[in-house]
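Spelled out from the first residue to the last, the chains are:
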Amino acid sequence: MMQAAEVKIWGKLAGAVAWDADNGLAIFEYDPKFKVLGWDLAPLKMPVSDSRNQFSFPELRKDKNFGYDTFKALPGLLADALPDNMDITRLNELTTSDLHRLNKYLKAYKTLLALQ
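Residues numbered from 1 in each chain as written. Predicted model: local features only at pLDDT ≥ 70, side-chain atom pairs only at ≥ 80, totals over all residues. Heavy atoms only, no water.

Asks: How should the side chain of D31 be read in this particular structure?
Replies: Locating D31 in the fold gives a position in the loop between strand 3 (25-30) and helix 1 (32-37). The buried charged residue D31 lacks any salt bridge partner; its closest oppositely charged side chain belongs to K33, at an N-O distance of 5.9 Å. A polar contact is formed between the side chain of D31 and the backbone nitrogen of K33, at a distance of 2.9 Å. Look past the residues within four positions of D31 in its chain and what remains in contact with it is L13, A14 and G15. (Helix = DSSP H or I, 4+ residues; strand = E, 2+ residues; numbered from the N terminus. Buried < 20%, exposed > 50% of the residue type's maximum accessible area, 1.4 Å probe, protein only. Lys, Arg positive; Asp, Glu negative; His and termini not counted. Salt bridge = Lys/Arg side-chain N within 4 Å of Asp/Glu carboxyl O. Polar contact = N/O pair within 3.5 Å; in protein donor to acceptor, adjacent residues only side chain to side chain. Contact = heavy atoms within 4.5 Å.)

Here's what the structure looks like:
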């Protein structure tokens, strides 16, 4: 069974992600109109200049590499956007590493806002 969701950024349809339960991974597909914009949201792993429209990462499945189960086989672009990445309420105490990570996210967020 496949389930899908649209992926939007800055009011534009970037593409869609479908969950393939049979294979335990997500498949992301860029919308062709979004690729023309040249906005590289994941330039290292999913560049819009790539001839492929669909991207999946079977190596991120728990059964393939337990160390990467954090991503739940989602492309990093989507896993990084999940709300729990910035949810400090789940932490018992903040460490220097947590604060560094939060500052990094805040800086990236401000940069993205400036691009609008």
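Having seen the structure, we can now continue with the description.
Asks: It is not clear to me how the packing of aromatic side chains should be interpreted in this structure. Could you clarify?
Replies: What describes a pair of aromatic rings is the distance from one ring centre to the other and the angle between the planes of the rings. Evaluated as defined, the whole model comprises 5 aromatic pairs. Between the aromatic rings of W10 and W39, the centroid separation amounts to 5.4 Å while the plane-to-plane angle is 80 degrees, which identifies the pairing as edge-to-face. Here W39 lies in the loop between helix 1 and strand 4 (54-56) and W10 lies in the loop between strand 1 (2-9) and strand 2 (12-20), a separation of 29 residues in the sequence. Measuring from ring centre to ring centre gives 5.8 Å for Y30 and F55, while their planes differ by 85 degrees; the resulting arrangement is edge-to-face. You can see Y30 sitting in strand 3 and its partner F55 sitting in strand 4, a full 25 residues away along the chain. For the pair Y30 and F55, a shared accessibility class is recorded, and that class is buried. Among the aromatic side chains, those forming a connected cluster through ring pairs are W10, F28, Y30, F34, W39 and F55. (Phe/Tyr/Trp six-rings, centres within 6.5 Å; stacked < 30°, edge-to-face > 60°.)

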